[in-house]
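Spelled out from the first residue to the last, the chains are:
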Amino acid sequence: MFNWNRGLLGINARNLIYIQKLNKREAIRFADSKLKTKHYLAARGIPVPKLFGVIRNHEELNNFDFGSLPGNIVLKPNRGAGGDGILVFKERKGSDFITAGGRTFPLEDMKNHINDILDGRFSINGIQDTAFFEQRIETDAEVTPYTYKGLPDIRIIVYNLIPVMAMLRLPTRESEGRANMAQGALGVGIDLATGKPTYIAKKNKIIKEIPDVGKFSPDFKIPHWDEMLLIASKCQMITNLGYLAVDIAIDETAGPILLEINARAGLKVQVANKAPLRKRLEQASEIKVMSPEKGVAVAKDVFGNKGTSTSTSKETKPKIGLSEIAELILEGKKLVLKAKIDPTRKQTVINRELKDLFKNPKSEVKIKFDLAGKRLQTVARFGKTPENTGLIIGQRDVTDFLIDVNKKSTSKGESKLPKSKEKNEKFNFYYVPQIDFGQVDYQIHEVASNIKLLHRLTPVNLKEEMAKFDQDQQYNPQFTYRSNQELVIELLKVLENIKTDDSNLGKVFELKRVELINQIRMIEHIGADDFTDLASLVYKAPTKDELVLAESMRKNYKYYQAPKSKKLNTKKASKIFEETLKKYNLNAWKVIIKQNMVGDISVNKSNAIFIKAGAKFSENRIKKLIAHEIETHILTAENGKRQPYRIFQDGTANYLQTQEGLAIYNQELAMHIYPHSYFASGNIIASDIVCNHSFSESYHILKKIGFASNKAKTLCLKVKRGIEDTAKKGGSHKQAIYFRGATEISKYVKDGGKLEELYIGKISLEQMHMINKLESLNKPTILPEWY
């Protein structure tokens, strides 16, 4: 045990002084949900593991497609603690999964384990839980020699944006490969300045070396150490949890990846560092920190071993003008203020008309505000400020900035606030934000993930009914569908409670919200007489002008026959796709050969391209697929992942039309042909025909005007999905979006539009005028090489 205790933090002190005061219940509940925190933080640039699937209830478990999962995955309970309930798999054989320890885990055992998770067996409070599959992290080669089988991680305690203490948790034989110190894992103290190990702790005792391994190499230090400290500090700034532990693992290829955040961090980190945590927390509370970068620099200087710091980080001072926009942080509210920068004035002044917003205000008040990406804390006095100005920022609060008298405000042009939605708003120098767009983004993503429109529209008796049609092509299939009533009620309730505003970002989210409502209404009315009308709100019916143009294109351009090229087998085709992914540094993507697929190839959202076993591809078709799937859909999704909001990865409203139009355009460039949109014109014509005739009549009409038998049957099925009695007219016009997309991209290019702007994420051309005004978005970093 220790021979020191001064400044040691105990459980009661941790709970009373730090957790109760600094971490609100809502924030703790947020941190307890691994899925919520990962979605939220990922949308703000924090690296998290790839998510492969979520199972929220027993019905979803029964319908879950386990065949879509890769073998190298981890199964986790959403609200688990201490590593309980986590299963790690390294590969799969048939339907069985193989654990990291080599044990065969049959699918039935997997389902039983998920049932236990759903029933709350592993959750923190024993309540019902959610199960999810995510990427298995391959431990960095520099750390692997010191660990036994499992995944080591680094826990970093953060307070006041300063990482105050950290330890490396190493799985051992005794802990059965888990990084759980209560089960025998080791805690290794880390020098914050250098990332080098200090002491090794096992069950509250300091030991000299790692069991079965020995001592650390003298040159060993934690890889990516500075980056990990910065991630930890950013997590605190984003979540606003006052006392926080951040758990990070180091992937061999991706580097640091956040595992989870913890609002009730344990105290064994003190043992591993032979240092009292309370003393460090008290020191950190007295330091003024304005940014995560500054917090990391302070951590190294104050808590690192003196004389050993290898920190070379230099914080670049941001530029500000004489007029800026500042965000004043108040309890339960944030004010966006017009601010004047005045280095001739020592103390910051806040408009006296804001006095009522503070508890027990005197002539001076302690305030917190964000300016140009930095958080400042100061004592300001109430006073008179210039017209339309809420804050005058004085000399002592701008020492960490470069003042450029020629620089305009952080917003384009003169400092302008958004229009307030508060009816009784009487001040024009501040704006009360009404919307937490991070939360809106999360809710939109959750709803969109659960809709699964194609799955809902697929008849449960599809195979049997299509077999009847194949026997008798005068037969009109009679489809039946699964019930979706509970889903409809639940998702509509979420969407109805989402509020946006009239800002450009607010409008983007509102359009998506309305689109999702229309999709749910479409699902609700599957099989009903008004299904076609509701489906037309999602996929508009073709106009007369569109049909005339499509007919003209189909008549004027003959069917393009690509030059004959060599047929490649599945293995060779797979290799070409893998080389293309590697060329674009898409290392997280994999090509998987799969049995029992309907089509030859498909791309899913879990970073996998599936190829049907035994399928053959011509060289020309491979070029077309690369342009369509990889250089359009995958590249836009990857750029979307780099945006601060998930909607740009999932897709804004009507994104699919622009995506498919861009894919068709890229195919034309790759194949050096025009117009590949011949096929798209056929689709919109077929959509109109099938909606206005029975299944059987449509099939024969399509064959008569030149469609091959299989193509005609497929188009009839795609349009009639959602209809019970296909002898009736009706259906959905999704097939029309390919033609619309192709024509809108063609016009966009003709008018001088830049195609690279469409690679910012999965976006719609009709929203470009709003999206281009969002300054928070990042420019696309991955573009087709031939652009």
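Note: the structure precedes this text.
First, a word on scope: everything that follows refers to the structure included in this document. These numbers were taken from a predicted model, which means no experiment stands behind them.

Our focus in this paragraph is the overall build of the protein. Each helix and strand in the protein was counted, giving 25 helices and 27 strands. Rg of the C-alpha trace for the protein: 29 Å, near the compact-globule value of 28 Å for 787 residues, within the 12% margin. Expressed as lengths along the three principal axes of its C-alpha atoms, the size of the protein is roughly 90 × 70 × 45 Å. Long-range pairs, those at least 24 residues apart, make up 68% of the contacts in the protein with a sequence separation of at least 6. By element, 48% of the accessible surface of the protein is carried by carbon and sulfur atoms, the whole surface being about 38,000 Å². Separation between the mean location of the 124 positive side-chain charges and that of the 92 negative ones in the protein comes to 3 Å.

Quick look at the pairing of strand β18 (residues 364–371) now. In the sheet, strand β15 (residues 323–330) pairs with β18 via four bridges, with the strands oriented antiparallel. Across the sheet, residue Glu327 finds its bridge partner in β18, namely Asp370. In this sheet, strand β19 (residues 374–383) lies alongside β18 in antiparallel orientation, the contact comprising eight bridges. By the bridge assignment for β19, Glu364 is matched with Arg381. A loop of two residues connects β18 with β19, the two strands running antiparallel in sequence, and Ala372 in this loop sits at a positive phi of about 50 degrees.

This part is about the sheet that holds strand β24 (residues 590–594). Spatial ordering of the open sheet is given by β24-β26-β25, a layout of three strands whose pairing is mixed. Each edge of the open sheet is held by one strand with a lone partner, namely β24 and β25 (601–604). Pairs of neighbouring strands in the sheet enclose a mean axial angle of 25 degrees, with direction left out of account. Across four bridges, the pairing between β25 and strand β26 (residues 608–612) is antiparallel. Its bridge partner being in β26, Asn604 is matched across the sheet by Ala608. Most of the contacts of helix α18 (residues 619–641) go to β25, to which it runs at about 10 degrees, and overall it touches β25 and β26.

Turning to the nonpolar core, a few remarks are in order. Residues Phe577, Leu586, Ile630 and Leu702 are the most contacted members of the largest nonpolar core, which totals 94 residues. Residue contributions to this core peak at eight residues, all from helix α14 (residues 504–524). Ala27, Ile157, Ile190 and Met228 belong to the second-largest nonpolar core, a separate cluster that totals 66 residues.

A word on helix α1 (residues 11–22). Of all the positions in α1, only Ala13, Arg14, Tyr18 and Ile19 are classed as buried. The buried residues of α1 occupy an angular sector of 145 degrees when projected down its axis, which confines them to one face. Relative to its buried face, α1 has exposed residues pointing more than 90 degrees away, namely Asn12, Leu16, Gln20 and Lys21.

The next subject is the sheet that holds strand β6 (residues 131–135). Spatially, six strands are ordered β1-β6-β2-β3-β4-β5 in an open sheet, and the strand pairing comes out antiparallel. In the strand order of this sheet, the two ends are held by β1 (51–55) and β5 (104–105), each with one partner. Packing of helix α5 (residues 107–118) onto the sheet brings it into contact with β1, β2 (73–77), β3 (87–93), β4 (96–99), β5 and β6, and relative to β2 it is tilted by some 30 degrees.

This part takes up the side chain of Asp32. If you trace the backbone, Asp32 turns up in helix α2 (residues 25–32). Assessed through its relative accessible area of 11%, Asp32 is described here as buried. Within the structure, Asp32 has its side chain in polar contact with the side chain of Arg264 (distance 2.8 Å). Not counting residues within four places of it along the chain, the set of residues in contact with Asp32 comprises Asn78, Arg79, Ile124 and Arg264.

Taking 1.5 Å of rise per residue, twelve residues should cover 16 Å, and α5 covers 16 Å from first to last C-alpha, within 8% of that figure. Those residues of α5 that sit buried are Met110, His113, Ile114, Ile117 and Leu118. One side of α5 carries all its buried residues, which in axial view fall inside an arc of 145 degrees. Positioned one or two residues after α5, Gly120 has a phi angle of 90 degrees, which is positive.

One pass over the structure, following the stated rule, counts 14 aromatic pairs. Pairing Phe64 with Phe133 gives two aromatic rings, centres 5.7 Å apart and planes at 20 degrees, and the pair type is stacked. On the criterion of sequence distance, the pair formed by Phe64 in the loop between α4 (58–63) and β2 and Phe133 in strand β6 is long-range, its members being 69 residues apart. Across the pair, Phe133 and Phe64 agree in class, each one buried. An aromatic cluster of at least three residues, connected via ring pairs, comprises Phe64, Phe66 and Phe133. For the cation-ring pair, Arg44 lies above Tyr40, with the distance from its terminal atom to the ring centre recorded as 3.8 Å. We note Arg554 situated over the ring of Phe707; from NZ or CZ to the ring centre the distance is 4.5 Å.

Moving on: the pairing of β1. Among the five residues in β1, four count as buried, and that is most of the element. Summarising the sheet, β1 and β6 pair through four bridges and their orientation is antiparallel. Considered in β6, the bridge of Leu51 is made with Glu134.

This paragraph deals with the pattern of salt bridges. Here the structure, examined in full by the defined rule, presents 28 salt bridges. Overlapping salt bridges bring together Asp153, Arg155, Arg169 and Asp247 as one network.

This part is about the environment of Arg155. The residue Arg155 is located in strand β7 (residues 153–159) in this model. Exposure remark for Arg155: the relative accessible area of 8% places this residue in the buried category. Taking the C-alpha atoms as reference points, Arg155 and Val336, separated by 181 residues in sequence, lie 35 Å from one another. Side chain to side chain, Arg155 and Asp247 meet in a polar contact 2.8 Å long.

Two elements in contact, helix α20 (residues 655–671) and helix α24 (residues 736–750), have axes whose closest approach is 7 Å; the angle formed by their N-to-C orientations is 70 degrees. It follows from the interaxial angle that α20 and α24 lie roughly perpendicular. As for how α20 packs across α24, the hand of that crossing is right-handed. Contacts from Leu656, Gln657, Thr658, Glu660, Gly661, Leu662, Ile664 and Tyr665 of α20 reach α24 at Ile737, Tyr738, Arg740, Gly741, Ala742, Glu744, Ile745 and Val749. Its residues assigned to classes, the contact of α20 with α24 shows nine nonpolar, four polar and three charged.

Attention now goes to the packing of helix α21 (residues 678–691) against helix α23 (residues 709–720). Contact pair α21 / α23: the axes reach a minimum separation of 9 Å and the direction vectors enclose 65 degrees. As for the relative orientation of α21 and α23, their crossing is right-handed in sense. Residue-level contacts link Asn683, Ala686, Ser687, Val690 and Cys691 of α21 to Lys711, Leu715, Cys716, Val719 and Lys720 of α23. Residue composition of the contact of α21 with α23, grouped by class: six nonpolar, two polar and two charged.

Calculation notes
Residues numbered from 1 in each chain as written. Predicted model: local features only at pLDDT ≥ 70, side-chain atom pairs only at ≥ 80, totals over all residues. Heavy atoms only, no water. Helix = DSSP H or I, 4+ residues; strand = E, 2+ residues; numbered from the N terminus. Rg over C-alpha atoms; globule rule 2.2 N^0.38 Å. Contact = heavy atoms within 4.5 Å. Areas by Shrake-Rupley, 256 points an atom, 1.4 Å probe, with all protein chains shown as cover. Lys, Arg positive; Asp, Glu negative; His and termini not counted. Charge placed at Lys NZ, Arg CZ, Asp CG, Glu CD. Pairing = 2+ DSSP bridges. Axes fitted to C-alpha atoms, helices over the stretch in contact; angles between N-to-C directions. Core = buried A, V, L, I, M, F, W, Y, C linked by side-chain atoms within 4.5 Å. Buried < 20%, exposed > 50% of the residue type's maximum accessible area, 1.4 Å probe, protein only. Arc of directions from axis to C-beta. Polar contact = N/O pair within 3.5 Å; in protein donor to acceptor, adjacent residues only side chain to side chain. Expected span 1.5 Å × (residues − 1). Phe/Tyr/Trp six-rings, centres within 6.5 Å; stacked < 30°, edge-to-face > 60°. Lys NZ or Arg CZ within 6 Å of the ring centre and 35° of its normal. Salt bridge = Lys/Arg side-chain N within 4 Å of Asp/Glu carboxyl O. Parallel < 35°, antiparallel > 145°, perpendicular 65-115°, else oblique. Left-handed = near helix turned anticlockwise from the far one by under 90°. Nonpolar A, V, L, I, M, F, W, Y, C, P; charged D, E, K, R; others polar.

Geometry only, nothing functional implied.
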